Amino acid sequence: DQQVKQNSPSLSVQEGRISILNCDYTNSMFDYFLWYKKYPAEGPTFLISISSIKDKNEDGRFTVFLNKSAKHLSLHIVPSQPGDSAVYFCAASGGFTNSGGSNYKLTFGKGTLLTVNP
Amino acid sequence: GAGVSQTPSNKVTEKGKYVELRCDPISGHTALYWYRQSLGQGPEFLIYFQGTGAADDSGLPNDRFFAVRPEGSVSTLKIQRTERGDSAVYLCASSLLQVNTEAFFGQGTRLTVV
């Protein structure tokens, strides 16, 4: 049973426009959420995170929004650039081992391939 | 080095053989993790070390998999009697804190069992 879901395998956006990547989770014990970016043949690179006590965190062109009641988070990239083309993973942690979570172990979604066209 | 280093980058081995994958974490990071990424999937947790001890090995798929971190720095993931289903990218990560913090990943070791 997937606890973190990224339902869009791919997304294509024009340069300069907004990219919105979505993520849903099922484990209500998750309380810390992260986005990673991955280029081919490289490891995932941390982008931005958000704690469950917040509903928004912004870092430059990247903003993450968290809707706890809907168990949904999204990553907004604006403006999108061709160099942003990569696979984006949503990840979550928190809770206790007996509920399927932990405060150190990351549970990842399957990723969304973002392509930003020049 | 500045980042997490994994060696080798690629490993091709025959079914039934033994392999070792090495991870050199960021200096000073006490928490170390191994993840496995299969094709089309996100990384999946294997094992977590806090210092020298394996605090959580619940993600190891079976007893053919074992990992050590004898001096609290470098870690080795060991796979015995490899099977074709073990083929994946094995990712190592480290973090300064253990709780709700970003983990920094290495580039991974692509293991292919033929």
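What comes next concerns the included structure. Within each chain, residues carry numbers counting from 1 in the order of the written sequence. Lettering for chains starts from A, numbering for ligands starts from 1, and both go in the order in which the items are written. Predicted model: local features are reported for residues with pLDDT of at least 70 only, side-chain atom pairs are reported and counted for 80 or more only, and whole-chain, interface and lining totals are derived from all residues. Heavy atoms from the whole structure form the basis of all side-chain values; hydrogens and water molecules are not counted.

## Quick look at the sheet that holds strand E7 (residues 62-67) of chain A
Residues and elements named next belong to chain A.
Turning to step 1, where the next piece is worked out: Pairing between two strands requires that DSSP report at least two bridges joining them. Numbered from the N terminus, helices here are DSSP runs of H or I no shorter than four residues, and strands are runs of E no shorter than two. Strand order in this open sheet of five strands is E1-E3-E8-E7-E6, and the pairing throughout is antiparallel. Here the strands that pair on one side only, and so sit at the sheet edges, are strand E1 (4-5) and strand E6 (56-59).
Turning to step 2, where the next piece is worked out: Strand direction decides the pairing type here: E6 and E7, joined by four bridges, are antiparallel. Residue pairing in the sheet places Glu58 in a bridge with Thr63 of E7.

## Regarding the state of the cysteines
Turning to step 1, where the next piece is worked out: In plain terms, two cysteine sulfur atoms within 2.5 Å form what is called a disulfide here. One pass over the full model with this rule turns up two disulfides over all chains.
Turning to step 2, where the next piece is worked out: One disulfide bridge connects Cys23(A) with Cys90(A), the sulfur atoms lying 2.0 Å from each other. Across the S-S bond linking Cys23(A) and Cys90(A), the dihedral sits near -75°, which makes this disulfide left-handed. Here Cys23(A) is found in strand E3 (residues 19-25), whereas its partner Cys90(A) is found in strand E9 (residues 86-94), with 67 residues between them in sequence.
Turning to step 3, where the next piece is worked out: Only protein chains enter the accessibility calculation, which uses a 1.4 Å probe. A residue is then buried if its area is under 20% of the maximum for its type, exposed if over 50%, and partly exposed in between. According to the relative accessible area criterion, Cys23(A) is buried, its value standing at 0%.
Turning to step 4, where the next piece is worked out: There is a disulfide in this structure between Cys23(B) and Cys92(B), and the S-S distance comes to 1.8 Å.

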